[in-house]
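Take a look at the letters that make up each chain.
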Amino acid sequence: MSFHALVSWSLRFRVAVCATALLLLAAGSWQATRIDIDVLPDLTRPSVSIHLEAPNFSAEDAAAQLAWPIESALAGLPDLVRLRSSSVAGLALVQVEFAWGTDPYRNRQLVTERIDTARSQLPPGVEPRLGPLTSLMGEVLLVALRNGNDTGLRHLRADAEWVLRPALLAVPGVSQVTVIGGEIAQWEVQPDPARMKLFAVRLDQIQSALRGYGENRGGGIENVDGRERTLRGVATPFDAGELGQVAVDHREAGPVWLSQVATVVQGAKLRRGAAGADGEPAVILAIQKQPGIDTLALTDAIEARLAQLDAGLPAGTVRSVQFRQADFIRASVGNVRDALWHGALIVALVLALFISGGRATSISLVAIPLSVAGAVLALSLLGLSINTLTLGGLAIAVGELVDDAVVGVENVARRLREAGSVSLALIADATTEVRSGILQATLVIVAGFAPLFFLGGVEGKLFAALGTAYAVAILASLLVAATVTPALCALGFMGDKPHLPRERAWLHGLRTRYLRVLEIVLCKGSLLLAGVGVLALVAVACLLTLPRGFLPTLNESTLVVNLVLSPGLSLEESDRAGRAAEQLILELPEARSVGRRTGRAELDEHAEGPHYSEIDVLLKDSTRSRDEVLADLGARLAVLPGQVSISQPISHRIDHLLSGVRAPVAVKIFGEDAARLDALAAQVRSVLADVPGLREAGLDVVGRAREQRVRIDASMAAMYGLSPARVLDTVTGLSAGVPLARLLDAPYRTDLVLRLPEHDRDPARIGALLIDSPAGPVPLKWVAKLETVDVPDRVLREDGRRRLLISAFASGDLDAAVADLEQRLSALPLPAGFEIRVEGQVAQARTAAHELLGLALLALGLITALLYAHFRSMRAVLIVLASIPLAWIGGALALRLTSTPLSVASLVGFVTLAGIAARNSILKIGRYLDLATREADLGLDARVLRGSGERLVPVLMTSLVAALSLLPLLIGAEDPGKELLHPVALVVFGGLFSSTLLDSFVTPAMYRRFV
């Protein structure tokens, strides 16, 4: 169907077309209430995490015996991008990152298959476990439980572990719940070596007597009198006193009771993490969601379930939310939604200023809700959510959604005024007359956004959503202009008394003055073009002097404070320092609440040592700026004995996604020799300390920890009939605890272990531990050498090589600071086989800039092809393309005047300007060529003047509408949700003003001179 036929059909069935439009509006409104809502598009890189736990392993052993076999098996997987491992005492964590766009379930299947081939290389009892499928911004809630004392935390931890966690995992959409804080209770049988020697009882006798204690047994099924009957052995309920009456041996004098050779006490498993909330000890549950789940709906469901579970918590328990991602989502989406509707209101006011008569204005404005409704339906079909970027795309487009309708209505009104009557044929002809220009301009705008659809990395995921929303809304507005707008013109303007819109008097005067100035300018075209050239040079100078960055800083109303103390510090000391940090933070006027996690939780996907604390700070509204609050907080925390860095939850995770480090700058040093790596790291730290604007973050640092080593003398052990392995099994088992049984008290589970008392585990006394041997009990120090040494507290590997890491935060121009750092590092001499890499935001920004440049050139080629197909004149195409730099001039000046850094977001603004800026030239040149065909007797100057005058109002109106509708995004640049959109809007706003002003004279002058 041709365009004219589509318009004619819409006019013939105008009532049906309007009814269909109402149905579209209703469907879009209904879908808007059902579509998922989030703060950003899904930025989750397809990845798989593998946990390997071995409580008795050191960091070096975990790296060599756990991580290395898995890494070797996974190397060479299809679409593998990065393979990292972090090994600490008791845990190896392997992270497998795949290329964007790969199927996460296929990736997990590939990893599982490769792990199966490596199982035989793993130590006995070590079982690789895949982490749950979650998303980058999956941490939706942090819930703290307090009751004011450390003793009660043990009960809270049990409730959190065995009641709350299973209940929350049952909520659809929850992928993981990790618990940190308090202690996990266990019953400990603590042998007394002296009494065991007195009664001649061996450790294996105690283990044999207690293994499986308190556990029920199944005896199978019997047939009795034609009926089945199960046989079940039921253990008596656990009682510590009764456990002491278990016989561990028997003599002529009678049994030897457990209580005679050991003590039964309630202890706790080895803690690797602690937690606090608002300065008090706490248990914290971190709740993560599955990918593609609506955060708002899931948060409501989780909080409803928690409210139901509150009644079962111990008396005096206080439950508080330390972090709720839904709050930021609601604030961000609400701000952008308001900007969208405020922009629509501005559009209405501008149209009312230009168009005389409420009917013409209303007909033009109908395009906004219909286009937005169509865009919402399209986004839903494409599987996208409503987020700040998709809403931002609509907010940027809202002023342009009426462009096609305005151009059509204005041309219809002009033709009707000239004819003095109204008819369907005249409306169809007037709409078709501007059809070519409208269609080409819209296609060119969409082509200008094409680079966003092919941009890779995090920036591609972000701005592709913006471009998609913008493009589908613009295409929807084109369809509305071709169908609904002419139908409404027919319904609105026709009747017994035709309602013909009149041109406002001030527009007539403006056109007259414009043509007078244009006539003068046309005579001095060379001077005009020279002046534009000078402006272009000024704009280039502005861009070259702007500070650079990756993405604008988000304002999340939540801070993440990382406190890194000396590696090797005990959990108790680190917990004490963390509580001091909480108290200091609570003194900040803007601090609403504080939640702290020190060390790591079981099942956590971060292999952190006890020296590391992550503190979430919820902020209140304040009259102070964000920078002032951060400076105040940093000054308060400067008294702490460690390195402090301050970030935000989402920024924190984006940094981790870019380089695997939660900081904007990551210097990675690769090599296999640990001593040389340490020496190089010291040099890099020295260099980094001298770079202005950079400050070491202290994250993921490999420090030194103390290790008590037991070296078995094989010959001495053999003299007592002992093997080295047997001695080591005894020592390590009694130190960490030998599992004997699991006691059930539904829903709770408590382990029963055989473990040395704490005072006997002291390094000074461990040598006196008696080892059972065929020759009788032998002190450990007789068969082993005990020594204390310094060892790495963790081992980091990436892509098959050992690495060290120095991370940093920046104040000021990040790009300049990193460039300075890279220059200094390039002067460092490196041993053979060693490498230094600088990764993070700057590296990603450079990659994105190069990608955008290449994609922009391809988009320019596509725009050129579209224009040539339309004009069939290369000269006309080049004139249109020349209007693009006119817009870039304004965008560059806008960035310079507001001191806005040149980031990926602002580069996206320049790319999108290409299509938007070309619209005005297309409409003008199209009119010039149309006049040349219809009125061949018109001279060149007359044709240019008449065409420019006729297109002045629609061009000025559409440009002002598009520019002024961006004002809500320009005001309150730091408001949540607007941070990523502000640079884009600023560039487009400045570009539209410079393009409209300069193009009003440059395009006519160039057409007159070159066509």
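Above: the structure in question.
Residues numbered from 1 in each chain as written. Predicted model: local features only at pLDDT ≥ 70, side-chain atom pairs only at ≥ 80, totals over all residues. Heavy atoms only, no water.

**Notes on the overall build of the protein chain**
- Helices and strands together make up the secondary structure of the protein chain, namely 34 helices and 31 strands.
- Overall size of the protein chain, expressed as C-alpha extent along the three principal axes, is 130 × 80 × 55 Å.
- Each of the 1011 residues in the protein chain was classed as buried or not, and the buried ones make up 55%.
- Taking as baseline every contact in the protein chain between residues at least 6 positions apart, the subset at least 24 positions apart corresponds to 81%.
- Entry remark: accessible area of the protein chain is about 41,200 Å², with carbon and sulfur atoms responsible for 58%. (Helix = DSSP H or I, 4+ residues; strand = E, 2+ residues; numbered from the N terminus. Buried < 20%, exposed > 50% of the residue type's maximum accessible area, 1.4 Å probe, protein only. Contact = heavy atoms within 4.5 Å. Areas by Shrake-Rupley, 256 points an atom, 1.4 Å probe, with all protein chains shown as cover.)

**With respect to the pattern of salt bridges**
- Tallied over the entire structure, the rule returns 51 salt bridges.
- The salt bridge partner of glutamate 60 is arginine 802, with a shortest N-O separation of 3.2 Å. On the criterion of sequence distance, the pair formed by glutamate 60 in helix H3 (residues 59-74) and arginine 802 in strand E30 (residues 801-810) is long-range, its members being 742 residues apart.
- Arginine 802 gets classed as buried once you look at its relative accessible area, which sits at 15%. (Salt bridge = Lys/Arg side-chain N within 4 Å of Asp/Glu carboxyl O.)

**Notes on the sheet that holds strand E25 (residues 748-754)**
- Spatial strand order, E12-E7-E25-E24: 4 strands in an open sheet with mixed pairing. The sheet is open, and its two borders are formed by strand E12 (262-268) and strand E24 (738-745), each paired with just one other strand. Here the strands of the sheet are splayed against their neighbours by 25° on average, with no regard to which way each runs. (Pairing = 2+ DSSP bridges. Axes fitted to C-alpha atoms, helices over the stretch in contact; angles between N-to-C directions.)

**Considerations on the environment of serine 647**
- By the element assignment, serine 647 lies in strand E20 (residues 643-647).
- Expressed as a C-alpha distance, the spacing of serine 647 and valine 561, which sit 86 residues apart in the sequence, is 6.4 Å.
- Excluding anything up to four places from it in sequence, serine 647 contacts Thr558, Leu559, Val560, His652 and Phe809.

**Observations concerning the state of the cysteines**
- Evaluation of the coordinates by the stated rule reveals 0 disulfides.
- You can see cysteine 489 has no disulfide; the closest cysteine sulfur is in cysteine 18, sitting 10 Å from it.
- With a relative accessible area of 1%, cysteine 489 lands in the buried category. (Disulfide = S-S within 2.5 Å.)

**Looking at the side chain of glutamine 95**
- Structurally, the position occupied by glutamine 95 is in strand E3 (residues 91-98).
- Taking the relative accessible area as the measure of exposure, glutamine 95 reaches 13% and is therefore buried.
- Apart from residues no more than four positions distant in its own chain, glutamine 95 is found in contact with Val48, Ser49, Arg82, Leu83, Arg84 and Glu605.

**Some remarks on helix H19 (residues 505-522)**
- With 18 residues, H19 should reach 26 Å at 1.5 Å per residue; the first-to-last C-alpha distance of 26 Å fits that figure.
- For H19, the complete set of buried residues consists of Leu507, Gly509, Arg511, Tyr514, Leu518, Val521 and Leu522.
- As for H19, its buried residues are in contact with helix H11 (325-354), helix H20 (525-545), helix H32 (940-964) and helix H34 (981-1010). (Expected span 1.5 Å × (residues − 1).)

**Some remarks on the environment of leucine 535**
- Residue position: leucine 535 is located in helix H20.
- Given the relative accessible area of 34%, leucine 535 is considered partly exposed.
- For the pair leucine 535 and glutamate 608, spaced 73 residues apart in the sequence, the C-alpha separation amounts to 54 Å.
- Ignoring sequence-local partners within four residues, the contact set of leucine 535 consists of Ile889 and Leu998.

**So, the side chain of histidine 982**
- Counting through the fold element by element, histidine 982 comes out in helix H34.
- Residue contacts for histidine 982: discarding those within four places in its chain leaves Leu969, Leu970 and Ala973.

**So, a nonpolar patch on the surface**
- On the surface, a nonpolar cluster with roughly 280 Å² of combined accessible area is contributed by Leu853, Leu857 and Leu860.
- Tracing the sequence through the fold places leucine 860 in helix H29 (residues 841-871).
- Residue classification places leucine 860 among the partly exposed positions, given a relative accessible area of 33%. (Patch = residues over 30% accessible without salt bridge, like charges linked within 9 Å, V, L, I, M, F, W, Y side chains within 5 Å.)

**Some words on the sheet that holds E20**
- Spatial strand order, E14-E13-E18-E19-E17-E20: 6 strands in an open sheet with antiparallel pairing. Here the strands that pair on one side only, and so sit at the sheet edges, are strand E14 (280-281) and E20.
- Relative to strand E19 (residues 612-619), strand E18 (residues 591-599) is paired through 7 bridges, and the arrangement is antiparallel. For alanine 591, the partnering residue across the bridge sits in E19 and is leucine 619.

**What about the packing of aromatic side chains?**
- Inspection of every chain in the model, using the stated rule, returns 8 aromatic pairs.
- On the basis of an interplanar angle of 45° and a centroid distance of 4.7 Å, the ring pair of tyrosine 928 and tyrosine 1007 is categorised as tilted. A residue pair is termed long-range when its members are at least 10 positions apart, and tyrosine 928 in helix H31 (residues 904-934) and tyrosine 1007 in helix H34 qualify at 79 residues.
- Owing to a relative accessible area of 2%, tyrosine 1007 belongs among the buried residues under this scheme.
- Taken together through their ring pairs, the aromatic side chains of Trp187, Tyr213 and Phe238 make up a single cluster. (Phe/Tyr/Trp six-rings, centres within 6.5 Å; stacked < 30°, edge-to-face > 60°.)

**Details of helix H30 (residues 874-898)**
- Compared with the 36 Å implied by 1.5 Å per residue over 25 residues, the 38 Å span of H30 between its first and last C-alpha is a close match.
- At the exit of H30 stands serine 899, carrying a positive phi of roughly 55°.

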